[in-house]
Amino acid sequence: MAEHATHVEGLAHHFVSMEQQKEAGMVGMWIFLLTEIMFFGGLFLAYTIYRTTYPEGFLFGSHLLNVKLGGTNTVVLIVSSLTMAMAVYYSQKGDRKKLLAFLALTLILGLAFLGIKYVEYSTKIHDGLFPAAATWNPPSEGEHAIPVEKQQAVHVFLWIYFLMTGLHAVHMIVGAGILITLIIMAQRGKFTKNYNSPVEISGLYWHFVDIVWIFLFPLLYLTGYHFTPGGH
Amino acid sequence: MATEVMETTESRVNYLNNGTTVKSWLLTLDHKRIGLLYLFSISFFFAIGGIYATLIRLELITPQGDLLTPEMYNRVFTMHGVIMIFFFLIPSIPAVLGNFLLPLMLGAKDVAFPKLNLLSWYIFIIGGCLMLYTMLSGGIDTGWTFYPPYSSIYSNSQVTIAGVSIFITGFSSILTGLNFMVTIHTMRAPGLTWFRLPLFVWAHYATSLIQVLGTPVIAITVLALAFERTLKIGIFDPKLGGDPVLFQHMFWFYSHPAVYIMILPSMGVISELIANMTRKRIFGYNFVAFSSLAIAVFGFLVWGHHMFTTSQSMYTGMVFSLISYAVAIPSAIKTFNWTATIYKGSVSFDTPMIYALAFLGLFTIGGMTGLFLAALGLDVHLHDTYFVVAHFHYVMVGSAVIGYLGGIHYWWPKITGRMYSEFLGRISAVIIFIGFNLTFLPQFVLGQLGMPRRYHAYVPEFQVLHILSSAGASILAVGFTLPVIYLAWSIKYGEKVGPNPWMASGLEWQTSSPPPTENFTYQPVVTHEPYEFENVEEIKQARQAELQRA
Amino acid sequence: MPEQASSFALEYDLFYLFLIALTTFFTIGISAAAVIFLIKYRRRSQGEVPEQIEGDMRLEITWTVIPFLIAMFIFAWGAKLYYQMYTDPKDALEIFVTGKQWMWRAQHPDGQREINELHLPLGRRVKLTMTSEDVIHAFYIPAFRTKTDVVPGRYTTTWFTPTRTGTFHLFCAEYCGTQHSGMIGKIVVQDYSDYQAWLRGAPKEMTPAEAGQKFFTSLACNNCHKDQDAGRGPSLAGQFGSDVKLENGSTVKMDEAYIRESILNPGAKTVLGYPHIMPTFQGQVTEEQVAMIIQYIKSIGPKQNEAVAKPAAAAPAGQPAAKPAAAQPTGTTAKPVAQGEQPKQN
C-alpha cells in the first residue's frame, strides 16, 4: 500500500479527492430524497383519490385529530430543522462543542415529536379508532360519537392518517438513529473543518422529513377548518 | 515444484485471486466480485423460474389440466412470474454486468459507494430467502400482478410474506440505481465527458433513473397490500370503501417502467456489441443515447395502457394510448440506428454478434406487437390473452435475456480471463433463437384466437398450438442449459486471453483480463470519442502484422 | 381468426391484419437489411477498420417522422374503434351480469335468469351492465372481440350487436383464483323465433323491477323517498336520467352508478336541500339486489302519478326485445344500428 502515502484523513480509497467524495455524498442524498418523494407520493395519490370520493369523511375525520398536539409537533419540527441547520453550520466551522450541542438539541426535539405522536396514537387506539378489523370500534353515541352513516368514510380517512403519519414517524425514528450516530462520531472528534459531509448529508434528510410533515399537517389536521372570512 | 513456481509468478494479482477465502468474497467491497455474487444468485433464481416454466409448458400440453391441480398450477405460474421478474430480470444486466463494468468503463476504481453496493446484494439475498421461504411454504397464487381484492382477501396463499420479500428486494434495486447514478455523475475519468460515454453507460443511467423513481412506488404499494391483508384496513377493499383499481394504477406506475428496467440495459449491451463487433461508431450516437432517456421519461406516463378494459374513462384510455405510441418511437429509432451501424462495417460472426442479431429480430417483433396492444380497439380483444404473454416474452426474454446472454459472452473473457468454445457458443445462440420463436410465435396466434392467459385447462381447439409451444420450450431449455455447461468448463480449461480479445474499444478493454482489484494500474485519461477503432492498439498491431506478411 | 360474430368483429379483423402486415414488413425489412449487410461487409482481415460514419440527420429525421406518422394512424384507428365500443347504444336490450367465483350469472329484463350461459337475439343491440360479488373478473367473448373487466364495488358496461347465430365461447379473462379457467360459459345467439321460444321456456321469476320494488319496501326506502317531495329524502319518481343538483353545488346525472353509490355510500353526493341522514346499506344488500332496486327506480314514472308505481310498466326495455330483428332469419345480416357502427357485411 505504498501508493497510499498521500493518504488524506477521511478519504475513501476509491475516490480521487475529497471534493469528489463530498460531491458523491451530496448527489447520492439528493437522489435518495427523490426516491423518498416517490415513496410518499403513492400515499399522496391515495389521499387525493379518497378525499375526492369521501369528502365528508375527511371533513369529519380531521376534527377527530388533535390540532393542538399536531400544531405543537409542527412547531417542534420546524425548530428542529433550525437546530439541524445550526449543527451543519458549526460542523463547517469545525466547532465541535456547538456542533454537539445542536445535534443533541435536534435529537431532543425529534424525540419530543415522537413522544407527542405516541400520545396521539394511543388516544386514537384507545377510542377504538385504529382502522384495522380487530381494533375498529368507533363510538356511535356520546360526546365523540361518529354518526353511523359517516363511519365508513371516516374509516378511510383514518387509515390514510395512520399510514401517512406512520410512515413519517418511521422516518423520524431513522432520523433519530442517524443523529445518535452523528453525536457519537462528533464526540470522537471525527468531524473537522475539512471533513463534515456526513453532518451535511444527514441535515438534508432531516429537512426532508420535516418538509413532509409540513405537507401532512394541513392535509390531515386542518382539512375541516375554514379560516377564510366566509367560511363556516 | 518448478511448474508451480512458474505459474504463481506468471499469474498476476487480479480481483479473482486477490483473496480466495469465502470471507473474502462475502465481505468484498470490490464491484467486480459483487457483480459475480449477483451472477450466481440470479442464475440460481433463473433455474428455479425455469423449472416453473417447464411445469407450465408440461401442463399445457393437454387441454384437460391433468398434470397439476388448479391450485398448484396457479402457484406455479405466479412463482414463475415473480421469480423471473423480481429476482432475475430486474437485477440481471444492471446488477451483474453493470456492477462489473460501469467503474471499468468510467475509468474509476469502484462505484461511488462500495459498502452500499455490498449492502444491496445482502438485501437482495434477504428478499430472495424470504421468497424461497414463500415458495417452500406453498407459494402464492395471485399472479405476479397481485390484483386485489383477490390478493388481499380471497387468496389463501403466502401473499404477505411475498409482499414483504418484494418490498425488501426493491431496496436492493433502488440502492443499486442510486449508486450507479452517483458513480456516473461523479466518478468519470478525466476527459470522459458525457458524450464520450459508451452507450452502455447511458442506458444504465436511464435505467437507474427508473429504479430510483419507480421502485419506491411499488414498495409502498406492496406494503399497503401487506397491511391490507394482515390488518384488514380496507385500502383496496370495496366492501370497506376502498378502490381495487387504485392498486392497479399504483402497481403499473412502477411495473410498466420496470419493463424498461429490464430492456434498457439490454439495449445498452446491444449498442456495445454491434459497435464493437462491426468496428463502427454507432450510427447516430446522440439519438441512441437520448432515446434511452426518452424511454425512461415517457415510460412513466403510459401505465394506464394496462387498464384499457378496467373501466377507466374512455378519454383516459385515449391519452394513455397516445403516450404509449410516443414511447414506441425512441425504440424504433434505436433499431434503425443499430441496423445502419452494420452497414459498411467490418462484421465479425462471433457469438456476441449472433446474439445481437437475434436481439434485432426478436426486439422488432416484440416492439411491433406492442403497437397492437397499445391500440385501444385491439387491446380490448387481446388484453389478458396469450397475445400479451407472447408479446412480453418477446421483450423480456427475446430481448432482455438475449441481451444479457450476449453481454455475458462478450465480457466473459474480461470477467474470467479465459475464452469459451466459440463453436458451442454459436450453436447454442442459434438453438435459443429457434427454440424461442417456436415457443412464443404460436402464442400470438393463441391470443388472437381468444385463449385467455393464466388458464390451467383450456378448450380443446387450442391444443395444437400449445403443443408447438411446449415443443419449442424444450428446445429453449437445451439452449439455456448449454451455456451454463461450456461457460463453467471454460473457467478452468478455456484458452487464456489477453486484455482485448475482441480488439474492441472502450476503457474496460485497456486493463488486463481479469482486471486487477483497483481496475487500472494507472489513472486512465480519455482523449477521444467512444468507438474510435483507429486508436485501438490491438487492431493497429494486427494491421501491421498483415502488412508485413504481405 | 376466430369467428366474426359481432358488429365490431369485421373492423377489428381488418385493423389486426393491417398491423400484422406492418409488423411483417418491418421485421423482414430489418432482418433482411441486417443479413445483407452482414454478408456483404463480413470481416475480411483482422486489422480491418471500416470507414466511420457519424450518422445522418436526414435519415434520423426520416425514421423518426415516418414511424411517428404510422403510430399516429394506428392510434387514431384504435381510438375510433374504442370510441364505438364505449359509446352507450340507444334502445339496447339491457342485461345485468354478475361475476362470482367462479360463475357468470345473467338476469334478463323480463326476469329470466341464466348461469354460465347467455342467450342473445340476433341483430339486436345488447348492453351489459356488470359487477362482481367478490374479486375482479373480465367478461370476454372472443367471437365478439369484446372484453370488459367486472369490478367489485362498481358497474362496468359493454355493448355489442350479435351478427351471427350460433354458440360462442365466454371466458373470464381476469385471473380470479383457483377455478379461473373453469369460469367459462356459452353465448347462444338465436334468431327471433328461437329467441322468443327460449324466453318463454326459460325459468322466470319476478322481473328485476318488481323484485326491486319489493326490496324498496322491505328495506324501508319508501319511508323517506316518497312519491311527492314531502319525504325526508328526495323523491325518486321520474328522476332517472335527469341531472341532480348536489349540496356541494355541482350536478350529477342520476344514472346506475350514482344510485348505486348513493345506496352504498350515501354521503358521497348528497342532494341539495336534503341533509345527509341516510345510513349506508353496505353489507345489507347484494349487488344483484342493488341492481333490482335500480331497475325499479328506473321504472317509476313522473311524480304526479298515482301513489303506487305500476309494476306493469316495470321493464320497458325488455318488452320489445327482439322485434327489430324479426325480419332477419339468416345469420349474417343485421338491421343497421347505431351511429358509427354500421355493419360492414353485405
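This one's a predicted model, so the numbers in the text were calculated from it and none came from an experiment. (Residues numbered from 1 in each chain as written. Chains lettered and ligands numbered in written order. Predicted model: local features only at pLDDT ≥ 70, side-chain atom pairs only at ≥ 80, totals over all residues. Heavy atoms only, no water.)

**Notes on the packing of helix α12 (residues 351-374) of chain B against helix α15 (residues 422-449) of chain B**
Residues and elements named next belong to chain B. Look at α12 against α15: their axes get within 9 Å of each other, and the N-to-C directions meet at 10°. Accordingly, the angle class assigned to the pair α12 and α15 is roughly parallel. From α12, T351, I354, Y355, A358, L362, I365 and T369 reach across to α15, where they touch E422, G425, R426, S428, A429, V430, I432, F433, F436, N437 and F444. When its residues are assigned to classes, the contact of α12 with α15 shows 11 nonpolar, five polar and two charged. (Axes fitted to C-alpha atoms, helices over the stretch in contact; angles between N-to-C directions. Helix = DSSP H or I, 4+ residues; strand = E, 2+ residues; numbered from the N terminus. Parallel < 35°, antiparallel > 145°, perpendicular 65-115°, else oblique. Contact = heavy atoms within 4.5 Å. Nonpolar A, V, L, I, M, F, W, Y, C, P; charged D, E, K, R; others polar.)

**Some remarks on the sheet that holds strand β10 (residues 185-190) of chain C**
Residues and elements named next belong to chain C. On the basis of which strands lie adjacent, the open sheet formed by five strands has the order β4-β10-β9-β6-β7 and mixed pairing. Looking at the sheet topology across the chains shown, the edges are occupied by β4 (117-121) and β7 (146-150). Each strand axis lies, on average, 20° off the axis of its neighbour in the sheet, ignoring direction. Sheet topology note: the strand β6 (residues 137-141)/β7 ladder contains five bridges and is antiparallel. Bridging from a neighbouring strand, Y140 pairs with K147 of β7. (Pairing = 2+ DSSP bridges.)

**Quick word on the interface of chain B and chain A**
Chain B puts 38 residues into the contact, and the matching count from chain A is 33 residues. Partitioning the side of chain B that touches chain A into residue classes produces 26 nonpolar, six polar and six charged.

**Brief notes about the confidence of the model for chain B**
Put simply, chain B has an average pLDDT of 93, and 98% of its residues get 70 or more. Here residues 1-10 of chain B is modelled with pLDDT under 50, and outside its nearest four sequence neighbours on either side it reaches zero contacts, counting other chains as well. (pLDDT = per-residue confidence, 0-100.)

**A short note on unusual backbone geometry**
Of the consecutive residues S513(B) and P514(B), the connecting peptide bond is found in the cis state with omega at -15°. Along the chain, P514(B) turns up in the loop between β2 (495-496) and α17 (537-549). Geometrically, the link from Q101(C) to W102(C) is a cis peptide bond, its omega value of -10° lying close to zero. Secondary-structure assignment places W102(C) in the loop between β1 (93-100) and β2 (103-107). Notably, N519(B) is not glycine yet its phi reads approximately 75°, a positive angle. Inspection of the secondary structure assignment puts N519(B) in the loop between β2 and α17. The phi torsion at R145(C) lies on the positive side, around 60°, for a residue other than glycine.

**Notes on the sheet that holds strand β5 (residues 126-132) of chain C**
Residues and elements named next belong to chain C. The five strands lie next to each other as β3-β2-β1-β5-β8, forming an open sheet whose pairing is mixed. Looking along the sheet, the strands with just one partner apiece sit at the ends: β3 (113-115) and β8 (156-160). Ignoring strand direction, the axes of neighbouring strands in this sheet form an average angle of 25°. Running at roughly 165° to β1, helix α6 (residues 287-299) makes contact with β1, β2, β3 and β5 of the sheet.

**Observations concerning empty space enclosed by the protein**
Applying the stated criterion across every chain, the model contains eight cavities of 30 Å³ or more. Taken as a whole, the largest cavity encloses approximately 1000 Å³ of empty space. Around the largest cavity, the lining is made up of 49 residues, and of these G366(B), G367(B), G370(B), L371(B) and H391(B) lie nearest the centre. For the lining of the largest cavity, the secondary structure elements donating two or more residues are α9 (244-278), α11 (314-342), α12 and α14 (386-416) of chain B together with α1 (9-40) and α2 (57-86) of chain C. Each residue belonging to the lining of the largest cavity can be placed in one class, and the counts come to 30 nonpolar, 14 polar and five charged. (1 Å grid on protein atoms, 1.4 Å probe; cavity = no way out; pocket = protein on both sides within 12 Å on 5 of 7 lines; lining within 4 Å. Points joined across faces, edges and corners; volume = space filled by probe spheres on them.)

**Observations regarding helix α4 (residues 70-106) of chain B**
All names here are of chain B. In a regular helix each residue adds 1.5 Å, so 37 residues correspond to 54 Å; α4 covers 51 Å between its end C-alpha atoms and thus fits that length. The largest bend along α4 reaches roughly 60° and is located at S92, with the proline P94 sitting one to four residues downstream. Most of α4 is tucked away: 34 of the 37 residues are buried. In the segment just after α4, G107 is the residue with positive phi, at about 70°. (Expected span 1.5 Å × (residues − 1). Bend = angle between axes of the 7 residues up to and from the residue. Buried < 20%, exposed > 50% of the residue type's maximum accessible area, 1.4 Å probe, protein only.)

**Thoughts on the interface of chain C and chain B**
On the side of chain B, 100 residues touch chain C, which itself brings 83 residues to the contact. Between chain C and chain B, the buried area comes to about 7900 Å², and carbon and sulfur atoms account for 66% of it. Of all residues in chain C, R43(C), Y82(C) and Y175(C) give up the largest surface area on contact with chain B, accounting jointly for 10% of the area buried on that side. Close ionic contact of R281(B) with E54(C) constitutes a salt bridge, the shortest N to O distance being 3.1 Å. Counting the contacts that link chain C with chain B gives 35 residue pairs in polar contact (both at pLDDT 80 or more). Of all the secondary-structure elements, those providing two or more residues to the side of chain C that touches chain B are α1, α2, β7 and β9 (166-172) of chain C. At 18 residues, α2(C) tops the list of elements feeding residues into the side of chain C that touches chain B. Taken together, the residues of the side of chain C that touches chain B sort by class into 46 nonpolar, 22 polar and 15 charged. (Buried area = accessible area lost by both parts, 1.4 Å probe. Salt bridge = Lys/Arg side-chain N within 4 Å of Asp/Glu carboxyl O. Polar contact = N/O pair within 3.5 Å; in protein donor to acceptor, adjacent residues only side chain to side chain.)

**Considering the packing of aromatic side chains**
One pass over the structure, following the stated rule, counts 87 aromatic pairs over all chains. Seen from their ring centres, F88(B) and Y404(B) are 5.6 Å apart, and the 85° between their planes marks the pair as edge-to-face. In this pair, F88(B) is assigned in helix α4 and Y404(B) in helix α14, connecting sequence segments 316 residues apart. By the burial criterion, F88(B) is buried, and Y404(B) matches it. Put simply, the rings of F113(A), Y121(A), F130(A), Y161(A), F162(A), W213(A), F217(A) and Y221(A) touch in pairs and so form one group of aromatic residues. Above the face of the W25(B) ring, R33(B) is positioned so that its terminal group lies 4.2 Å from the ring centre. Taking the ring centre of F215(C) as reference, the NZ or CZ of K214(C) above it sits at 5.4 Å. (Phe/Tyr/Trp six-rings, centres within 6.5 Å; stacked < 30°, edge-to-face > 60°. Lys NZ or Arg CZ within 6 Å of the ring centre and 35° of its normal.)

**As for the packing of α9(B) against α14(B)**
All names here are of chain B. Contact geometry for α9 and α14: axes closest at 8 Å, N-to-C directions at 45°. It follows that α9 is oblique to α14 by the angle criterion. When you trace α9 past α14, the crossing you get is left-handed. Taken together, the residues of α14 that come into contact with α9 (itself represented by V259, M262, I263, S266, V269, I270, E272, L273, N276 and M277) are V395, M396, S399, A400, G403, Y404, G406, G407, Y410 and W411. Of the residues in the contact of α9 with α14, the class split is 13 nonpolar, six polar and one charged. (Left-handed = near helix turned anticlockwise from the far one by under 90°.)

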